[in-house]
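# Observations on the three-dimensional arrangement
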There are 2 protein chains.
Amino acid sequence: MAEPVSTAPQLRLRILFDHAAMMGPGKAMLLQHIGQTGSISAAGRAMSMSYKRAWMLVEEMNAMFRDPLVTSARGGQGGGGAHLTEAGQAVLGLYQRIEMLAATAAAADIALLQLMLRDMSDKK
Amino acid sequence: MAEPVSTAPQLRLRILFDHAAMMGPGKAMLLQHIGQTGSISAAGRAMSMSYKRAWMLVEEMNAMFRDPLVTSARGGQGGGGAHLTEAGQAVLGLYQRIEMLAATAAAADIALLQLMLRDMSDKK
């Protein structure tokens, strides 16, 4: 009786800049979790991402932008802790606005694409 | 003297539907090349993609949409040949319009992000 409700399509954006610099959904979500948890390792865990990969992405973002996006004290008393800088908050905010504007602008055509999909809900 | 000219950022879109169905830049470009070359293998070659992967993506798209996007005669006299169906042309056109609308809507914020990047052009 309960038909599985079709969820809205998700739009994932990657922005490719010069010199192989890239900003995408993984980095944006990592920034968001760092802002929420105050910790790079906790942010990584929330995304099922290894500590090593979370650190690598943070270092990549810090090298890519003029100002660092995340400051952190690795280890030490109190176990480190990390937070978004003003630049980090600005980059996250811009990325989220880009996502929202793109999804809004494309919504009608994405709905048309969705209408062309095969109906999978009746598959055994 | 010749400073490397900074190229415009590129926006790459992936649309995630229910049931793990996905439409992204690789599939769209493959459709475009099949339309241009009339051949799945030639389209794959133009993208440095293996014949096997090109076929797999075509089969994935044909299974994902209600109507097939690509029809083909594998092998045989004349070496097969493939072409986009009406549905294939419609999906490609919608995807390209989604790309264009998203890039236009997000252009100002992408430019702001770009302004925050470190200037890499003076790196040795």
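This section reports on the structure supplied with the text.

## Here we look at the interface of chain A and chain B
Across the boundary between the two partners, chain A contributes 40 residues, which contact 40 residues of chain B. For the pair chain A and chain B, the summed buried area comes to about 3900 Å², and 64% of that belongs to carbon and sulfur atoms. The interface formed by chain A and chain B contains 2 salt bridges. With a closest N to O distance of 2.4 Å, Asp109 of chain B and Arg97 of chain A form a salt bridge. Along the contact surface separating chain A from chain B lie 21 residue pairs in polar contact (both at pLDDT 80 or more). Broken down by secondary-structure element, the contributors of at least two residues to the side of chain A that touches chain B are strand 1 (10-16), helix 3 (51-64) and helix 4 (86-115) of chain A. Of all the elements, helix 4 of chain A adds the most residues to the side of chain A that touches chain B, at 16 residues. Of the residues that constitute the side of chain A that touches chain B, the class distribution is 26 nonpolar, 7 polar and 7 charged. Where strand 1 of chain A meets strand 1 (residues 10-16) of chain B, 7 bridges bridge the pair, whose relative direction is antiparallel. Residue pairing for strand 1 of chain B: Leu11 of chain A is matched across the bridge by Ile15 of chain B.

## Notes on the environment of Pro68 of chain A
Tracing the backbone through its elements, the reader meets Pro68 of chain A in the loop between helix 3 and strand 3 (70-72). Not counting chain neighbours up to four residues away, the residues in contact with Pro68 of chain A comprise Asn62, Thr85, Ala87 and Gly88 of chain A.

Definitions and cut-offs
Residues numbered from 1 in each chain as written. Chains lettered and ligands numbered in written order. Predicted model: local features only at pLDDT ≥ 70, side-chain atom pairs only at ≥ 80, totals over all residues. Heavy atoms only, no water. Contact = heavy atoms within 4.5 Å. Buried area = accessible area lost by both parts, 1.4 Å probe. Salt bridge = Lys/Arg side-chain N within 4 Å of Asp/Glu carboxyl O. Polar contact = N/O pair within 3.5 Å; in protein donor to acceptor, adjacent residues only side chain to side chain. Helix = DSSP H or I, 4+ residues; strand = E, 2+ residues; numbered from the N terminus. Nonpolar A, V, L, I, M, F, W, Y, C, P; charged D, E, K, R; others polar. Pairing = 2+ DSSP bridges.

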